[in-house]
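Summary of structural features
Here are the chains, one letter per residue:
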Amino acid sequence: MSFERSFKIFSYASVFCGFFSLWVAGAVGFIGSAVFASVLLAAWFLEGTRWQIPERIGTFLIVLALPVFFVLWRLGLFVPTGPESVLPSVLARLILTLTALKMLQEKSDRDWVFLLIMSFFQVLLAAGMSISALYLFSFILFTFSVVCTIILFEMRKTDRALNEKSGPGGANHQIHVGPSFKARYIPVTASILMFAIILICAPMFFLIPRVGGAGLGADPGGVSTRTGFSETVRLGGIGKIQQNDEVVMRVRLDGSDVA
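Residues numbered from 1 in each chain as written. Predicted model: local features only at pLDDT ≥ 70, side-chain atom pairs only at ≥ 80, totals over all residues. Heavy atoms only, no water.

For the rest of this paragraph, the subject is the packing of helix α1 (residues 3-24) against helix α5 (residues 109-127). Two numbers describe how α1 lies on α5: the axes approach to 7 Å, and their chain directions differ by 25°. With respect to α5, the element α1 is oriented roughly parallel. Every pair of crossing elements has a handedness; the one defined by α1 and α5 is left-handed. Between α1 and α5, the contacting residues are F7, S11, Y12, S14, V15, G18, F19, S21 and L22 on the first element and W112, L115, L116, S119, Q122, V123, L125 and A126 on the second. Its residues assigned to classes, the contact of α1 with α5 shows 11 nonpolar, 6 polar and no charged. (Axes fitted to C-alpha atoms, helices over the stretch in contact; angles between N-to-C directions. Helix = DSSP H or I, 4+ residues; strand = E, 2+ residues; numbered from the N terminus. Parallel < 35°, antiparallel > 145°, perpendicular 65-115°, else oblique. Left-handed = near helix turned anticlockwise from the far one by under 90°. Contact = heavy atoms within 4.5 Å. Nonpolar A, V, L, I, M, F, W, Y, C, P; charged D, E, K, R; others polar.)

Given below as structure tokens:
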């Protein structure tokens, strides 16, 4: 498999995983899913052809979409596709629209970076709307595809920079993304990187203290509950109740000066 085809596959996979996470969270309905999937399929076949939207027109459409969505939201024309509020549904549709427009246009390096950022925002938005096991699968799939894409993106960027540096008549460098490129090494490298990241971050996750006393490095006294601020307090529960003299409510009886 050639380098450019590998980069195209993993890049489109990253964009699809971002959309898939929103679909798992229920932020996209059947019609929206069908439209985005059709756009993604059309962009795949139009990639590198003269039928792609020019970059200037694509940028204009993206800028135009922002006020249009704001006006439609203020007019109350958006209806949530699930039990969530209107705002997350509007944000999901806006991000998918911007992604679809960017997929159909001619793409430079900064456009691919924009698409990866939009995909990350989709996964981040879906995280606040769903806690299902299927979302966890989509998150792992997204992380793997993004790591592969970033590796290929840096390889292509570095090779291009070396080509420009050598220039005509300059010292030729070895092309690492040419016929000698081995696509099977990319998933293996991405898997090793993901394993190393988990190996380093997992102990930090449990050792660094966090709000509420979580983590192995937290206060051994446990979670503290303050009087006057907790909705419910169960005696004998985890933590200790701290006395707090701050005024949280005033009561006045009718016909009396006592407060």
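With that settled, the discussion passes to α5. The terminal C-alpha atoms of α5 lie 27 Å apart, and with 19 residues this matches the ideal 27 Å at 1.5 Å per residue to within 8%. All of the buried residues along α5 are D111, W112, L115, L116, M118, S119, Q122, V123, L125 and A126. (Expected span 1.5 Å × (residues − 1). Buried < 20%, exposed > 50% of the residue type's maximum accessible area, 1.4 Å probe, protein only.)

Next up on the list: a nonpolar patch on the surface. Together, F70, V71, W73, L75, L77, L87 and L91 line one region of the surface with nonpolar side chains, adding up to about 660 Å² of accessible area. The leading source of residues in the nonpolar patch is helix α3 (residues 55-74), at 3 residues. If you trace the backbone, V71 turns up in helix α3. (Patch = residues over 30% accessible without salt bridge, like charges linked within 9 Å, V, L, I, M, F, W, Y side chains within 5 Å. Areas by Shrake-Rupley, 256 points an atom, 1.4 Å probe, with all protein chains shown as cover. Salt bridge = Lys/Arg side-chain N within 4 Å of Asp/Glu carboxyl O.)

The next point concerns the environment of V68. The residue V68 is located in helix α3 in this model. C-alpha of V68 to C-alpha of L94: the two residues are 26 residues apart in sequence and 9.8 Å apart in space.

Here we come to helix α2 (residues 30-46). Taking 1.5 Å of rise per residue, the 17 residues of α2 would be expected to cover 24 Å, and the 24 Å separating its terminal C-alpha atoms lies within 8% of that figure. Just downstream of α2 lies G48, where phi reads positive at about 85°.

In short, geometric facts, not functional conclusions.
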